[in-house]
Amino acid sequence: MLRQKNSLSTLSRLGLISLAVVKAEYRQQSSSSDLIKRATQDINTANYEENLNIIFYLAAFVMYQFNDDKQALHWLDDAVDYITGHNSHYMLANCYHLIAQIAKNQGKDEQRLEATQRQAFLTELS
C-alpha cells in the first residue's frame, strides 16, 4: 500500500501512541500530549488501515489516565466517527466501554447505560 508523501506509517503511529501510553503511566502529560499530536497528525489523509482505529482509542485512554474526561470524550467521538466513516467496527466496543466508564465516573447513568448496551452489541458481533 502506498502512503502519501511525508505521512507516517501505521506502525510509526502505533509506536508513537504506545509511547504516549507509557509516558502517561509515568504522569508525563506534556510528553504524552506531544506524542498524541505526532501520532494523529494528518491521520485523516493517511491510507486507511483498521489498525489506525487503535490510535484514536489510545489517545482517549491517555487523556482518561490524566482525568481529562473532556479530551477523552473528544477523542472517543473522533474515534467513533473515524471508525464508522471507514465502515469498520474494530475498536468500537472498546470505545463504548471507555465512554461508559467515563459516564459512570461522572454519575451519568443514562449515558453509561447507552454506551454499555452499544458495547455489548458490538462485542456480540465479533
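In case you missed it, the structure is sitting above this.
Colleague: When you look at the packing of helix H3 (residues 52-65) against helix H4 (residues 69-85) in this model, what are you seeing that I'm missing?
Modeller: In helix packing, the relevant descriptors are the interaxial angle and the interaxial distance, both defined with respect to the helix axes. Interaxial distance between H3 and H4 falls to 7 Å at its minimum, and their mutual angle equals 170°. What the angle tells us is that H3 and H4 run roughly antiparallel. Helix-helix and strand crossings are classified by hand; for H3 and H4 the assignment is left-handed. Contacts between H3 and H4 pair Leu52, Asn53, Phe56, Tyr57, Ala59, Ala60, Met63 and Tyr64 from the former with Asp69, Gln71, Ala72, Trp75, Leu76, Asp78, Ala79, Tyr82 and Ile83 from the latter. Looking at the contact of H3 with H4, its residues break down into 13 nonpolar, two polar and two charged.

Colleague: It is not clear to me how the environment of His89 should be interpreted in this structure. Could you clarify?
Modeller: Mapped onto the secondary structure, His89 falls in the loop between H4 and helix H5 (92-105). Put simply, His89 and Leu122 are 33 residues apart on the chain and 7.5 Å apart in space, counted from C-alpha to C-alpha.

Parameters and conventions
Residues numbered from 1 in each chain as written. Predicted model: local features only at pLDDT ≥ 70, side-chain atom pairs only at ≥ 80, totals over all residues. Heavy atoms only, no water. Axes fitted to C-alpha atoms, helices over the stretch in contact; angles between N-to-C directions. Helix = DSSP H or I, 4+ residues; strand = E, 2+ residues; numbered from the N terminus. Parallel < 35°, antiparallel > 145°, perpendicular 65-115°, else oblique. Left-handed = near helix turned anticlockwise from the far one by under 90°. Contact = heavy atoms within 4.5 Å. Nonpolar A, V, L, I, M, F, W, Y, C, P; charged D, E, K, R; others polar.

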